[in-house]
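# Observations on the three-dimensional arrangement
Spelled out from the first residue to the last, the chains are:
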Amino acid sequence: QLQASGGGLVQAGGSLRLSCTASGSIFSIHVMGWYRQAPGKQREMVATITGGGITDYADSVKGRFTISRDNAKNTVYLQMNSLKPEDTAVYSCNADISKIPGDRRWRYWGQGTQVHRLQ
């Protein structure tokens, strides 16, 4: 249902753009978000965006990361600039999706994509 891409290795000060596209039975996509989990740490929220474009960010990424979405493409993006070593983690996307009108919201997770900031 969710396919993430865009991870990789990046040099100091470099940038990456992650993408995550929802597919399948979709009537409406509500909140979409990016989370990350570094080795030995718990998963944490990185950024979220509502269907109306309201965003929220973890304090650690404010001013460096930008979340956006293209509703026509059912896709959420995470532009990551000025990457730091502590940004190294597996990044996963999620989305709350209604499949038919009046349906509950189903939460889906995409597969993780590795982001590694080289020292």
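On a predicted model such as this, the values are computed, not experimentally measured, just so you know. (Residues numbered from 1 in each chain as written. Predicted model: local features only at pLDDT ≥ 70, side-chain atom pairs only at ≥ 80, totals over all residues. Heavy atoms only, no water.)

Counting residues in each nonpolar core, the largest one holds 30 residues, and the members touching the most others are Trp34, Val46, Phe65, Ile67, Leu78, Met80 and Tyr91. Of all the secondary-structure elements, those providing two or more residues to this core are strand S1 (2-5), strand S3 (16-22), strand S4 (28-37), strand S5 (44-49), strand S7 (65-70), strand S8 (75-80) and strand S9 (89-98). When residues of this core are assigned to their parent elements, the largest contribution, 5 residues, is made by S9. The residues touching Met80, leaving out its near neighbours within four places in the chain, are Gly14, Ser15, Leu16, Leu18, Arg64, Phe65, Tyr91 and Val115. (Core = buried A, V, L, I, M, F, W, Y, C linked by side-chain atoms within 4.5 Å. Buried < 20%, exposed > 50% of the residue type's maximum accessible area, 1.4 Å probe, protein only. Helix = DSSP H or I, 4+ residues; strand = E, 2+ residues; numbered from the N terminus. Contact = heavy atoms within 4.5 Å.)

Its location among the elements puts Arg117 in strand S11 (residues 113-117). No salt bridge is formed by the buried Arg117; the nearest opposite charge belongs to Glu86, separated by 7.1 Å. Only 2.9 Å separates the side chain of Arg117 from the backbone oxygen of Leu83, close enough to count as a polar contact. Setting aside residues up to four positions removed in sequence, Arg117 forms contacts with Val10, Gln11, Ala12, Gly13, Leu83, Lys84, Pro85 and Thr88. (Lys, Arg positive; Asp, Glu negative; His and termini not counted. Salt bridge = Lys/Arg side-chain N within 4 Å of Asp/Glu carboxyl O. Polar contact = N/O pair within 3.5 Å; in protein donor to acceptor, adjacent residues only side chain to side chain.)

This paragraph deals with the pattern of salt bridges. Two side chains bearing opposite charge may form a pair once their charged atoms approach each other closely. Counted under the stated rule, the structure contains 5 salt bridges. Among the salt bridges present, the one from Arg36 reaches Glu44, with a minimum N-O distance of 2.6 Å. Judged by its relative accessible area of 5%, Arg36 falls in the buried class. With a relative accessible area of 34%, Glu44 lands in the partly exposed category. In this structure, Asp96 and Arg107 form a salt bridge, with 2.7 Å as the shortest nitrogen-oxygen distance. Linking Asp96 in strand S9 with Arg107 in strand S10 (residues 106-109), this pair joins segments that are 11 residues apart in sequence. By relative accessible area, which is 46% here, Arg107 ends up partly exposed. Salt bridges sharing partners connect three or more residues here, namely Arg36, Glu44, Arg64 and Asp87.

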